[in-house]
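The chain contents come next:
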Amino acid sequence: MAPKGGEKDGVGKEEDPMKALLKLSVKYSNSAAFTDMSEARITAEQRLLEIKLEELQKQCLELQNKRIGFWANPTTEIQLPEAFNPASVLELRKQRLAMNDKIAQTVVPHDIVSHTELLLDELTAVSARKNCEEVVGPMMIDFMDQHAERMARKRCALLRRFATHCKDSRQQHKMQALLTARLESTTVEHTIAVNSARKLRKQLPAALAFSAERAAREAAEAAGGDAPPPKPPPKEGEEEHIGPAVSPLDKASMRLFLRWLTFQIRSHKRLSRFLSKFQWLTHTHRYELLRSSRSLLSPPPPPGSSAQHAAAEGVPSMVVTTERLNTLLSDLKSVFALSVDPERDDVQQYAFAVKNLLSTLHAHQAADSTFPQYDSSHTGRFVQVAQGGTYDERRRRTRAEASGDDAHGADKGSVEVTYLKPSSWLEYRKFEPQGDAHRDELAGRLAELKELDHIMSAEMTACLENNLQIVSQRIQEQVDTHVERAVAVNEGNESMATAQKSLQGLAAQGPRLTKAMVQLPLEKLTPLYQMRHLQMRQARRRLLAILNYFRSIERRVTLDSRGLAFSSVALPSKVPADLASAAARPADADAQTTAEEAHRNLSGVDPVMGHKEAMDAEAVQSRDDQYSIDADGVVRVRDAAGCLVVYDSALEDLTRVNSEMLQIGTYYLQTYPDDRSVPDRVTILLDLYEHEATYYEALKHTVDVLFEAYEHCFCPTEQARLGQELITSIAQRPLVDLTKPYFAESYRGHTTALQLQGTLLRDVITGQMLEERMYRNTTVVRNHGIPVLDRYGFPEEVYQPATHDELLGGCQPYTCVPGGLPSGALDLFQSVGGIGSVMDVMRSVTGELCFVHDLGAGRG
């Protein structure tokens, strides 16, 4: 139908959002909606909504200020009339009760009472939801079964803490009284839960039958009919008849349930408030998050160029100028904390200091990277390494050795042996990491490479060489051929290189270098290669240590999914080889050796206990690894027998990471755009190792928080959830955007995101533990007057510095991971299990932001 002649085409149409935005830019010139108008992902409609949101927030702030002013001085805000006579509350209550009685006595609804049927329906619904046996009975049975399992797991966790933390008899004697008190409280609650569940299962059917019989009798009497005959008394051997004055819900079970429920609600209050606000971030701070993330991932360049920042702009080329060589040496000087400066001091002295550093650190790294087969009988075995230093230091060490002093104090270069331990628990894994489609896409693109760069592969293999003489020869060969390799693409291959770049649409620019133009001092070039070699080996050592730490955590999660703990007495093995060794062992063999063999041969035995065995056990074998960080910042894993171990699966993980590093390096070598220089493969490999080690160190912060929460949690549901989160987090890998000129930017983005995530989780779990600590200690003080036998269901007091030192028992505070929040050795914080909800909300918020702003893989 054609429009009428008097109407214009523009009438009824909405105004163009872009025009409306330009009009509002005059009024709201300081709004954040106009800070990045060049961003194409933020449309005009979204900017208009952002302006409206800012206006609403401003109005809310004004209303909040008015409310605060009203509560400060309410008489100035409300003016009541002079003749104001409010009705009496008692009179209103009497009128309401009279109306309710009238409605209840009315057989036929009166016309005036129009909502009688609605009120009756509501009363019926309320009556159906009352706390009766039909509702509370099954709920209490489930709760008591779950609580009995929780108490068994808690008892087992206390025994494991005691076995792990208290190593000698002196510490065990000091902690024995506190351990006994904690075990008695778990036994009391477990007994109440088991007895209550058994009683409810036995008496609840009879109680429900009696309720149904009474309801049928009342319904028959109300209808005017004959009531059904009463149930005959039970015969001998049958269930006891439950009368109206007897209920299967006893006072002890209800008290236990209500106290536990109160503690759960109160301890999770802080975390619930945080999650309720966190989940709406995509609606309230959508564009602020986008701008903040962009500013974090693209920081301004720092003053002064360095090798890492220069490499981030593109693929690094080989050194051909003295200025760049001095810059690289200055950066490496700060890495190794050298006191000699190559520009101020004598060059020969600088070269000697670096050579001495190479002999010292390389020997230490070689001793620490030699992994003999696992043998628990050699606990504390040390390996002597060569020492560098001045003449006086060597003379002092020689005198100490000649005097017969302890090797630990005489030779500072002694390194404890790290044993290679088999990962026999892998076949029992219950949790698998969640897949990532973006990672699969990146792996598919890297798999399309036909051949890996053989020179970079040789450099990676040379990094594993432990013979210092061979390493020195290779470094000398690299120094002698450095200039020749740096100009190899320019001399003799000029026409071929130019033709190749012209096919790619890249023209050669600028003058080409020759050997005569490159003048680099060998006294400075040799230390450069030596320190790069040490830095690469140290980064590989850090990377392997974190992968080994992750495998140890996976082992802990796997063993916990199979059983609560090792039995105090090792179970016999079913493997023929183990049976033969057991027959050859003397009868008075050490029990610890037997338990350790069961600990190592998990494929042949099942040295775990269930919930019933855990409540009867008085001690358990320590099976958990312990973690520490040495002076070099390397994570060390020490098993229950006291040996430093590295799992063979960690070496396999390192091999897979090395393969992906080679693929990434080969890709960027094949796309190297400059035909005037040669890419520096040593620097590329060093950057890959450094970025991988830094990425996994940032990932370790997140894993530490999750594992700390896992250590304190004894609820089976929350522990399984945290176990899955741990396995998924451990399997994370960085997404490298292959469209970038260099991989460093992608690695930095993922590392920054992991660092912020770890900081957030650490703040959350620290605040949650402090909140629970304050609540539990306050609860203990309030209920101090209750008899000890009636305090079941209340949480125990936990260690607090300067006020609860008696809960330490004279021992040091316990930290399950290095850098964690110290607590008492027998303190378990139950509310930190909710940290898994933070991970879920974080993934949801991130996914929604990526969808809204159209952020794909490698661009977020």
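These figures come from a predicted structure and were not determined experimentally.

Glancing now at the overall build of the protein. For the protein, the helix and strand inventory stands at 29 helices and six strands. Scored against the burial criterion, the 860 residues of the protein give a buried share of 42%. Taking the intrachain contacts of the protein between residues at least 6 apart in sequence as the baseline, contacts between residues at least 24 apart amount to 81%. As presented, the protein carries roughly 47,700 Å² of accessible surface, and 56% of it is formed by carbon and sulfur atoms.

This part takes up unusual backbone geometry. The backbone of Ala337 sits at a positive phi, close to 55°, despite the residue not being glycine. Its location among the elements puts Ala337 in the loop between helix H12 (322-336) and helix H13 (347-368).

As a further point, take the side chain of Arg623. Residue placement: Arg623 occurs in the loop between helix H24 (611-616) and strand E4 (626-629). Of the polar contacts made by the side chain of Arg623, one reaches the side chain of Asp560; its length is 2.4 Å.

Moving on to the pattern of salt bridges. Counted according to the given criterion, the structure contains 40 salt bridges. Here Arg266 and Glu771 are joined by a salt bridge, their closest N and O atoms 3.5 Å apart. Of this pair, Arg266 sits in helix H7 (residues 251-267) while Glu771 sits in helix H28 (residues 744-782); the two residues are 505 residues apart in sequence, bridging distant segments of the chain. Among the residues examined, Arg266 registers a relative accessible area of 31% and is labelled partly exposed. Relative accessible area serves as the criterion here: at 19%, Glu771 is assigned to the buried category. Residues Arg551 and Glu554 are paired through a salt bridge, measuring 2.6 Å at the closest nitrogen-oxygen approach. Taken together, the residues span about one helical turn, with Arg551 and Glu554 both in helix H21 (residues 522-562) at a distance of three residues.

Counting residues in hydrophobic clusters, the biggest one holds 115 residues, and the most contacted among them are Tyr696, Phe743 and Ile835. Element by element, the count of residues in this core is highest for helix H26 (residues 681-712), at 16 residues. Excluding its chain neighbours within four sequence positions, the residues that come into contact with Ile835 are Leu271, Val705, Leu706, Ala709, Leu722, Leu761, Val764 and Ile765.

What follows concerns H12. Side chains three or four residues apart in an α-helix point the same way, a direct result of the helix having 3.6 residues per turn. Taking 1.5 Å per residue as the helical rise, H12 with its 15 residues ought to reach 21 Å, and the 21 Å between its terminal C-alpha atoms agrees with that figure. Of the residues one or two after H12, Ala337 is the one with positive phi, at around 55°.

Pairing of E4 with strand E5 (residues 635-638) involves four bridges; the strand directions are antiparallel. Looking at E5, one finds that Tyr627 is bridged to Val637. Connecting E4 to the antiparallel partner E5 that follows it, the hairpin turn spans five residues, and Gly633 within it adopts a positive phi of roughly 80°.

With burial as the criterion, each face of strand E6 (residues 644-647) is covered, one bearing Leu644 and Val646 and the other bearing Val645 and Tyr647. In this structure, strand E3 (residues 418-421) lies alongside E6, joined through four bridges in parallel fashion. Residue pairing across strands places Lys421 opposite Tyr647, the latter belonging to E6.

The next subject is the packing of helix H8 (residues 269-278) against H28. Here H8 crosses H28 at 145°, and the two axes come no closer than 10 Å. Side by side, H8 and H28 meet where Arg270, Leu271, Phe274 and Phe278 of the first sit next to Leu760, Val764, Gly767, Gln768 and Glu771 of the second.

Overall, the predicted model of the protein reaches an average pLDDT of 77, with 72% of residues at or above 70. Within the protein, H26 carries the highest mean pLDDT (94), whereas helix H15 (residues 407-410) carries the lowest (38). Note on residues 389-411: pLDDT is under 50 here. Beyond four places in sequence and across chains, it has 22 contacts. Within the model, pLDDT remains below 50 along residues 568-579, and this stretch shows 19 contacts once partners closer than five positions in the same chain are excluded.

So, on to the packing of aromatic side chains. Applying the stated rule across the entire model yields 17 aromatic pairs. Ring geometry for Tyr549 against Phe550: centres 5.9 Å apart, planes inclined by 45°, an arrangement best described as tilted. Considered together, Tyr549 and Phe550 belong to a single accessibility category, that of buried residues. With a centroid separation of 5.4 Å and an interplanar angle of 85°, the aromatic rings of Tyr695 and Tyr696 are classed as edge-to-face. Tyr696 gets classed as buried once you look at its relative accessible area, which sits at 3%. One aromatic cluster is present, formed by Tyr549, Phe550, Tyr627, Tyr695, Tyr696, Phe707 and Tyr710 through successive ring pairs.

In the contact formed by H21 and H26, the axes pass within 9 Å of each other and the chain directions differ by 30°. Relative to H26, the element H21 lies roughly parallel. Crossing handedness for the pair H21 and H26: left-handed. Per-class residue counts for the contact of H21 with H26 are 19 nonpolar, three polar and eleven charged.

Turning our attention to the side chain of Arg439. Along the chain, Arg439 falls in helix H16 (residues 437-447). Under the relative-accessibility criterion, Arg439 is labelled buried at 14%. Among all residues touching Arg439, those that are not within four sequence positions of it are Glu660, Arg733, Pro734 and Leu735.

Quick look at the environment of Leu296 now. Its location among the elements puts Leu296 in helix H10 (residues 286-297). Distance from Leu296 to Ala753, taken between C-alpha atoms, is 9.0 Å for residues 457 residues apart in sequence.

Time to look at the environment of Ser25. Counting through the fold element by element, Ser25 comes out in helix H1 (residues 17-27). The sequence separation of Ser25 and Ile51 amounts to 26 residues, and the corresponding C-alpha distance is 9.8 Å.

Along the chain, Leu669 falls in helix H25 (residues 648-670). Placed 216 residues apart in sequence, Leu669 and Asp453 show a C-alpha to C-alpha distance of 8.1 Å.

About the cut-offs
Residues numbered from 1 in each chain as written. Predicted model: local features only at pLDDT ≥ 70, side-chain atom pairs only at ≥ 80, totals over all residues. Heavy atoms only, no water. Helix = DSSP H or I, 4+ residues; strand = E, 2+ residues; numbered from the N terminus. Buried < 20%, exposed > 50% of the residue type's maximum accessible area, 1.4 Å probe, protein only. Contact = heavy atoms within 4.5 Å. Areas by Shrake-Rupley, 256 points an atom, 1.4 Å probe, with all protein chains shown as cover. Polar contact = N/O pair within 3.5 Å; in protein donor to acceptor, adjacent residues only side chain to side chain. Salt bridge = Lys/Arg side-chain N within 4 Å of Asp/Glu carboxyl O. Core = buried A, V, L, I, M, F, W, Y, C linked by side-chain atoms within 4.5 Å. Expected span 1.5 Å × (residues − 1). Pairing = 2+ DSSP bridges. Axes fitted to C-alpha atoms, helices over the stretch in contact; angles between N-to-C directions. pLDDT = per-residue confidence, 0-100. Phe/Tyr/Trp six-rings, centres within 6.5 Å; stacked < 30°, edge-to-face > 60°. Parallel < 35°, antiparallel > 145°, perpendicular 65-115°, else oblique. Left-handed = near helix turned anticlockwise from the far one by under 90°. Nonpolar A, V, L, I, M, F, W, Y, C, P; charged D, E, K, R; others polar.

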